[in-house]
Amino acid sequence: MKKIQNYINGQFLSALSKNYKNNSSPITGKIYSKFPDSDHEDIDKAVMAAKKAFPKWKSLGKKGRYNLLMSLADMLDENFDKFVEAESYDNGKPEWIARSVDIPRVSENFRFFATASLHFSSECHEMDGKAFNYTIREPIGVAGCISPWNLPIYLLTWKIAPALAAGNTVVAKPSEITPMTAYLFSKIVHKSNIPNGVINIVHGLGEKAGEALTKHPDVPVISFTGGSNTGKKININCASLFKKLSLELGGKNPSIIFNDANFNEALNISLKSAFSNQGQICLCGSRIFVQSKIYDKFKTAFVEKTKKLTVGNPKNKVDLGAIVSKAHMNKIINYIQLAQDEGGTILTGGNRIRFEGDLREGYFIEPTVIENLDYKCIVNQEEIFGPVVTIMPFENEDDVIKMANATKYGLSASIFTSNVSKAHRMSSKINSGIIWINSWMMRDLRIPFGGMKDSGIGREGGFNSLRFFTETKNICVKI
Ligand code: NDP
């Protein structure tokens, strides 16, 4: 059976404890590889390597790092198909999604941030001829990067790339649930000219390896993407050590459809926003609010379209693949049950799907639409992170703003209307870090990406990431 290894200081290593954990594919439910059950000793070894590699990496300068990162991006592209297959098998997502969304972003992350670092500049504050202040932004040291399982290598490299481009070295901890593409990535790093110790990947459990990284005194900066409860724990760990911290957390995002929206556009986009990647994207629109005049027509069309979505073997051109793990599948099924206990009506879906043959033990769930739930009920408050949406009518702008803002989250929102003034008015009143008008998940890597309230702290993307991964120093020069 394939054994995934840690990658520390240019070497492939098992955990110091020699312990491994099983890794299974959600498509078959079967164990197909093992990953190191690393702990604080492995993290410490990786941090020491990254610390040692830091001065040299920093001294390469922007152009030196740019050259190495661009050539790494080319090598990643040469292995494109391997990544697609591995990501789909490990995570359960349809291969076409890995091919069109996840894997193209891996090399793009490196090219984007390598290039951005060449354009990164700082300010000068002139004091009426008496003095001037120039501000410099220097790399910090060892950056800790922790990522979730929903977009495994896409999100891991979204952190590693800016950390490196800004001149830091990295210790990264991928999700234990989807470790395979991070391992493939380390194999390619190994063949590249990136010096040993600059990129270290340590596999293992969040509460063990992940926590050790957040508590390590020689890791002054942590970038984390994951659930809000985990984010809260990490926030506490980092606070006492005064670490720089970026938290990209959960969402319970509203899709708001007004009477005057382009009906088909709103229908197709909100469907995509509900069920893409099995509903396992932090940006998914999981609460759909439809204005009362078109509510019945929209609901009927949405349910019809949902029924036509295909679920099945991720190798085929299906709309939905498998849910990432058994535990997560059961969590989603429990929420569907809770929705019924809370008075909801299942309009379509609601069940696990059992296929014949190799997929029999796979974790597949029907895309599910639920009606008749109060906007304050648990199912409308907590992040389900699966192919489950609720649909609710609203009367007017005030009504829907109240409902849309009524959760602890504030990551993203989509607003569908043909009235430009209304779109701007609504945008100013929705408490989310990201708002899409008549669209969803149109991503520009330069924009500030992140959420309000329990959806996170800080913004990533473009120069925001480079500012995050650097320390600011102001120098005042008397004239
Ligand atoms: P988790 O919070 O469970 O895990 C995220 C990462 O943190 C994993 O690598 C996990 O390791 C690790 N981890 C777990 N516990 C700790 C700890 N105590 N200290 C340090 N690290 C720890 O999230 P999921 O993997 O379940 O991902 C889903 C969540 O991620 C959803 O809430 C989703 O909304 C959010 N997300 C947010 C995004 C955003 O940009 N705002 C984007 C994508 C997802 P392990 O897997 O081994 O437990």
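The preceding data block contains the structure.
What counts and what doesn't
- Residues numbered from 1 in each chain as written.
- Predicted model: local features only at pLDDT ≥ 70, side-chain atom pairs only at ≥ 80, totals over all residues.
- Core = buried A, V, L, I, M, F, W, Y, C linked by C-beta atoms within 7 Å.
- Buried ≥ 20, exposed ≤ 12 C-beta atoms within 10 Å, placed from the backbone.
- Helix = DSSP H or I, 4+ residues; strand = E, 2+ residues; numbered from the N terminus.
- Domains from an automatic or database assignment.
- Contact = placed C-beta atoms within 7 Å.
- Pairing = 2+ DSSP bridges.
- Axes fitted to C-alpha atoms, helices over the stretch in contact; angles between N-to-C directions.
- Near = placed C-beta within 6 Å.
- Nonpolar A, V, L, I, M, F, W, Y, C, P; charged D, E, K, R; others polar.
- Right-handed = clockwise from strand over helix to strand, strands pointing away.
- Parallel < 35°, antiparallel > 145°, perpendicular 65-115°, else oblique.
- Left-handed = near helix turned anticlockwise from the far one by under 90°.

**Student:** Let's hear about the nonpolar core: which residues, and what values?
**Tutor:** Judged by nonpolar contacts, the single largest core of 137 residues is most densely connected at Val170, Val171 and Ile256. Of the residues forming this core, the biggest block, 10 residues, is contributed by helix α6 (residues 152-165). For this core, the domains that each give at least three residues are domain 1 (2-249 + 455-478) and domain 2 (253-444). With residues near it in sequence (within four places) discarded, Val170 still touches Ala50, Ala143, Cys145, Ile160, Ala163, Leu164, Ile199 and Asn200.

**Student:** Let's hear about the sheet that holds strand β6 (residues 124-126): which residues, and what values?
**Tutor:** With antiparallel pairing, the three strands of this open sheet are ordered in space as β6-β7-β25. At either end of the open sheet lies a strand with only one pairing partner, and these are β6 and β25 (470-478). The average angle at which neighbouring strand axes cross in this sheet is 20°, direction not considered. With three bridges connecting them, β6 and strand β7 (residues 131-139) associate as antiparallel partners.

**Student:** So what about the site of the ligand? Which residues, and what values?
**Tutor:** The environment of the ligand is formed by 32 residues, the closest being Pro148, Glu176, Gly206, Gly210 and Gly226. For the shell around the ligand, the elements supplying multiple residues, two or more each, are α8 (206-215) and α9 (228-239). Top element by residues in the shell around the ligand is α8. It accounts for five residues. Taken together, the residues of the shell around the ligand break down into 11 nonpolar, 14 polar and seven charged. In this structure, the shell around the ligand is formed jointly by two domains, domain 1 (2-249 + 455-478) and domain 2 (253-444), each of which donates at least three residues.

**Student:** So what's going on with the pairing of strand β8 (residues 142-146)? Which residues, and what values?
**Tutor:** With five of its five residues buried, β8 lies for the most part within the structure. By the alternation rule, side chains of β8 split into Val142, Gly144 and Ile146 and Ala143 and Cys145, which are all buried. Where the polypeptide runs from β8 across α6 and back to strand β9 (residues 169-173), its parallel neighbour, the crossover connection is right-handed. Direction of pairing for β8 relative to strand β11 (residues 221-225): parallel, over a ladder of four bridges. Bridge pairing links Ala143 to Val221 in β11.

**Student:** Tell me about unusual backbone geometry, and please be specific about residues and values.
**Tutor:** Although it is not a glycine, Phe385 adopts a positive phi angle of roughly 60°. Classification of Phe385 by C-beta neighbours within 10 Å gives buried; the count is 25. Positive phi, close to 50°, is recorded for Lys453, a residue that is not glycine. Relative to the assigned elements, Lys453 resides in strand β23 (residues 452-453).

**Student:** Describe in detail the packing of helix α10 (residues 263-275) against helix α11 (residues 292-308), supporting the description with residues and values.
**Tutor:** Closest axis-to-axis distance for the α10/α11 pair is 10 Å, and the angle between their directions is 45°. As judged from the angle between their axes, α10 and α11 are oblique. For the crossing formed where α10 meets α11, the hand is right-handed. Between α10 and α11, the residues in contact are Phe263, Leu267 and Leu271 and Ile294, Phe298, Ala301, Phe302, Lys305 and Thr306, respectively.

**Student:** Break down the environment of Glu211 for me, with residues and values.
**Tutor:** One can find Glu211 in helix α8. Classification of Glu211 by C-beta neighbours within 10 Å gives buried; the count is 21. It is 9.9 Å that separates the C-alpha atoms of Glu211 and Lys173, two residues lying 38 residues apart in sequence. Among all residues touching Glu211, those that are not within four sequence positions of it are Gly206 and Asn237.

**Student:** Residue-level account of the sheet that holds strand β21 (residues 412-416), with values.
**Tutor:** Strand order across the open sheet formed by seven strands is β15-β18-β19-β14-β13-β21-β22, with mixed pairing between neighbours. The open sheet has two free edges, formed respectively by β15 (345-348) and β22 (434-437), since each of these has just one partner strand. Strand-to-strand twist of the sheet, defined as the mean angle between neighbouring strand axes without regard to direction, takes the value 25°. Where strand β14 (residues 285-291) meets strand β19 (residues 388-394), five bridges bridge the pair, whose relative direction is parallel. Paired with Gln291 across the bridge in β19 is Phe394. Across the sheet, α10 lies against β13 (253-257), β14, β19 and β21, angled at about 155° from β14, the strand it touches most.

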